[in-house]
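Each chain, letter by letter, is given below.
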Amino acid sequence: MKAYWNITKSTIPITLSVLFLFIKNQDNVFAAPPRLHLCRPEQRDALVKLKNELEVFISPFGYNCYVNGTIVTPHPKTVSWEINNDCCTWEGITCNPESGEVIKLDLSCSYLRGQLHSNISLHSLTALDLSSNDFNGQIMSSLGNLSLLTSLDLSYNRFSGEIPSSFGNLSHLTSLDLSDNQLSGQLPSWIGNLSHLTQLDLSSNNFSGQIPSTIGKLSHLTFLVLSSNQFVAYNAFTGAIPSSLLTLPSLQFIRLQENQLNGTLDFGNMYLPSFLRELSLGNNKLIGPIPSSISKQTNLQYLDLSNLNTQGPVNFTIFSHLKSIYYLHLSNLNTTTTVDLSYIMSCFKSLYLLDLSGNHVSVTNKSSATYDLVMQPIQSLLLSGCGITEFPELVKTKQLLTDLDVSKNKLKGQVPGWLWTLPYLRHVDLSNNNLINFERSPRSGPSLMMAALLVSNNNFTGNIPSFICDLPSLRTLDLSNNNFDGVIPSCMANLRRTLSDLNLGKNRLHGGLPEYIFKYLRSFDVGHNQLTGKLPRALIHSTYLEVLNVGNNVINDTFPFWLSSLPNLKVLVLRSNLFHGPILLQAPFPKLQIIDVSHNHFNGALPSDYFVKCMSSLTTNEDKLSRKYMGDVYYYDSLVLMNKGVVMELVRIFKIYTALDFSRNKLEGKIPKSIGLLEELHVLNLSNNAFTGHIPSSMGNLSALESLDVSQNQLSGEIPQELGSLSYLAYMNFSHNQLAGLVPGGTQFRRQNCSSFEGNKGLFGPSLEEDCRDIIHTPASHKQYETTEESEEEDEEVLSWIAAVIGAVPGVILGLTIGYILVSYRPEWFVNPCVRKKHKHRRRSNATH
């Protein structure tokens, strides 16, 4: 009882204190009860509407997700958005604690795909981050109504079109990042009105034209990146780098990569470390040694000297002083020095990326790794083309490794099983080696995060490994140029919701093509196998498909006109199969730019409007992405195509490349005049068919044409003179037809081989008669003209002689008569020339008087 009393007695003051405080503040308590839901209903509804517009799917951007330069693991944030919950508790949402208004929306790295249509009516937003997703289409102009925005990040998406002019209203912006999209057009002059900007990144887009002078008004700007566009650009800067630039003490970022800069590197007389954190000079034309003074740049975190032509030995120990380095690009230095991989990696405790591709690298697998090397957080190791003969076992310890590139080396034997134990491995490139199979892994297979597996150009045999079917995040799979046989595994249906690029070409696969639907498939290449059957109609549901290559198989089917419903199809290859029947079209292919149906059994005539439907995208002069390739950063589409008379392999396909090959079929009738509407066509091959009639003069409109082959047909008439004005036409073949008349006299025609015109009995022209007399038969009409002309000349000559004789006879008689008279009578003026002079003088005197 005593104990109880002591406890109670001791708690009385505390209880009274709490009670006193409660009573003292009861007015405030009752006046402002705690709110159960902070989020405003109208803003919650706006967020739900936004969520419903978008699609959540696995790995939309492929491999790595970068946030502020750091690799993070993406995850679908909108999954937590339940309508019954307070939206201020949703992931990615930050609310004002007093007003309940949404002030920050962060959906970066959220596996989101689609187009934004509705307005984001969150007018209290100060920060919006939609980066590292797969948004496409145009940027909503309504974003310009978010007048309180200070930070806007739309980077690493597929937005296209121009920057909305409404962005000029965002006067409070301090940071604007639109990099790594597909934006185009000119930079607007109103960009100079965003006077509070400190960071502006518009790199890796398709902007063109001039950089507006108004950008000079951004007096607070400390970070500006405009690289990888189409200004002077990506860029076209020339000359040497001023040493004063590299020694500015306050400068933190220098990004001059991908230019035409030349000369040598010079860091001047540097005694103290500068504040320089990033130095990007890769892919220029710089030559000479790497100055040892670079070791003074101890604050460097990012260094790119790739493709620096050192022309001699490199002292790699100078990099050991750069203890703060995270990213080190030293590829293709053209040095005789061999890099010790273990040494260079041991120099850096915080290294995230190391690129030594194109150098001589030694790998030693005997020594054990140190503790520092084991704990190194490296995530990307790029050793392509380094001459290594065995897998570097130090990779075993790199538990955070995401990217490994050991392509173009001399690796042979098995792919080690320990490689698949690395839990975060996402991108592996083993292509262009001498590997023969996969060693069994201690567990079922590669990392569940694997997004890209490239093993092309090796010597793998047997069936396609089944572990591939168990990679739920796999986006790119390239098994081409091996000796895989058997059928395409049915278990690959597991990948139908993730695969974007699938290349099984140049193997020994047989059987039919899969009937299941690859929903997000962008590129599908099964060419050069032994596949049979028909094209699966399920392909009609692959609406993202851009490249379809089933060439060089044994597929027996009619022309797949139903593929015209695919809105993004750009490349269609059906060559060397058993396709047959007419090449019918019911609707235009909206984006087709390469079609190859050669070496099949197609027949019949082509309608007059055929080429307008077949390649409608080439009838207008669209602004295509020049000097960029089909594919993405890890995988590029390739293609085998007949061009300029030879079979060529395009290792990468320019996005502006266009070709039409209908050769070696049984097509007949006239060549449709609509062919002249394909103004952007580069390659046209209609050879080895049964086309008749004249070559359309409209072909003279094909101003971009580089290669033309209409040989081995039954064409008649003349070669259109309009073709002589096609300045890019480097190759042409008109042989083995029934052509006649004058060959165009353009420079391109004069440069052709005689074989381009052989087998046509009626062609003539100056260039042919000079160089091709042996194979060009002068047409009969032309010979008749020459014979008639010669006969007329001979007749004229005979007549001339007759006329001369007729005129000469009376002349001789008249001359003899006059001579006789003069001799017989001899007048004084004839005998004495002085008398003649006297007579002449007398006449002049008389005339004077």
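Residues numbered from 1 in each chain as written. Predicted model: local features only at pLDDT ≥ 70, side-chain atom pairs only at ≥ 80, totals over all residues. Heavy atoms only, no water.

- Looking at an unreviewed UniProt entry, one finds the protein chain named Leucine-rich repeat-containing N-terminal plant-type domain-containing protein, with Brassica napus as its source organism.

Description of the sheet that holds strand β18 (residues 260–263)
- Strand order in the open sheet formed by three strands is β16-β18-β20, and the pairing between neighbours is parallel. At either end of the open sheet lies a strand with only one pairing partner, and these are β16 (238–239) and β20 (285–286).
- The pairing of β16 with β18 spans two bridges and is classified as parallel. In the sheet register, Gly239 faces β18, and the bridge partner there is Leu261. (Pairing = 2+ DSSP bridges. Helix = DSSP H or I, 4+ residues; strand = E, 2+ residues; numbered from the N terminus.)

Re the state of the cysteines
- Counting across every chain of the model gives three disulfides.
- Disulfide pairing is shown between Cys39 and Cys87; the S-S distance is 1.6 Å. Residues Cys39 and Cys87 are joined by a disulfide whose S-S torsion is about 85 degrees; by sign, that bridge is right-handed. In this pair, Cys39 sits in the loop between α2 (26–31) and α3 (41–53) while Cys87 sits in the loop between β3 (70–72) and β4 (93–95), placing the two residues 48 residues apart along the sequence. (Disulfide = S-S within 2.5 Å.)

Here we look at the packing of aromatic side chains
- Summed over all chains, the structure comprises 25 aromatic pairs.
- Measuring from ring centre to ring centre gives 6.2 Å for Trp420 and Phe438, while their planes differ by 45 degrees; the resulting arrangement is tilted. Note that Trp420 is positioned in the loop between β28 (412–415) and β29 (427–429) and Phe438 in strand β30 (residues 434–438), a separation of 18 residues in sequence.
- Classification of Trp420 by relative accessible area gives buried; the value is 2%. (Phe/Tyr/Trp six-rings, centres within 6.5 Å; stacked < 30°, edge-to-face > 60°. Buried < 20%, exposed > 50% of the residue type's maximum accessible area, 1.4 Å probe, protein only.)

What to know about the pattern of salt bridges
- Here the structure, examined in full by the defined rule, presents 13 salt bridges.
- When the shortest N-O distance is used, the salt bridge between Arg44 and Asp45 registers 3.4 Å.
- According to the relative accessible area criterion, Arg44 is partly exposed, its value standing at 26%.
- Arg575 is the salt-bridge partner of Asp596, the closest N and O atoms lying 3.1 Å from each other. Taken together, the residues span a long stretch of sequence, with Asp596 in strand β42 (residues 594–596) and Arg575 in the loop between β40 (571–573) and β41 (580–581) at a distance of 21 residues.
- Using a relative accessible area of 0% as the deciding quantity, one classes Asp596 as buried.
- Judged by relative accessible area, Arg575 falls into the buried class, the value being 8%.
- Residues joined in a network through salt bridges with shared partners are Asp501, Arg522, Glu546 and Asp637. (Salt bridge = Lys/Arg side-chain N within 4 Å of Asp/Glu carboxyl O.)

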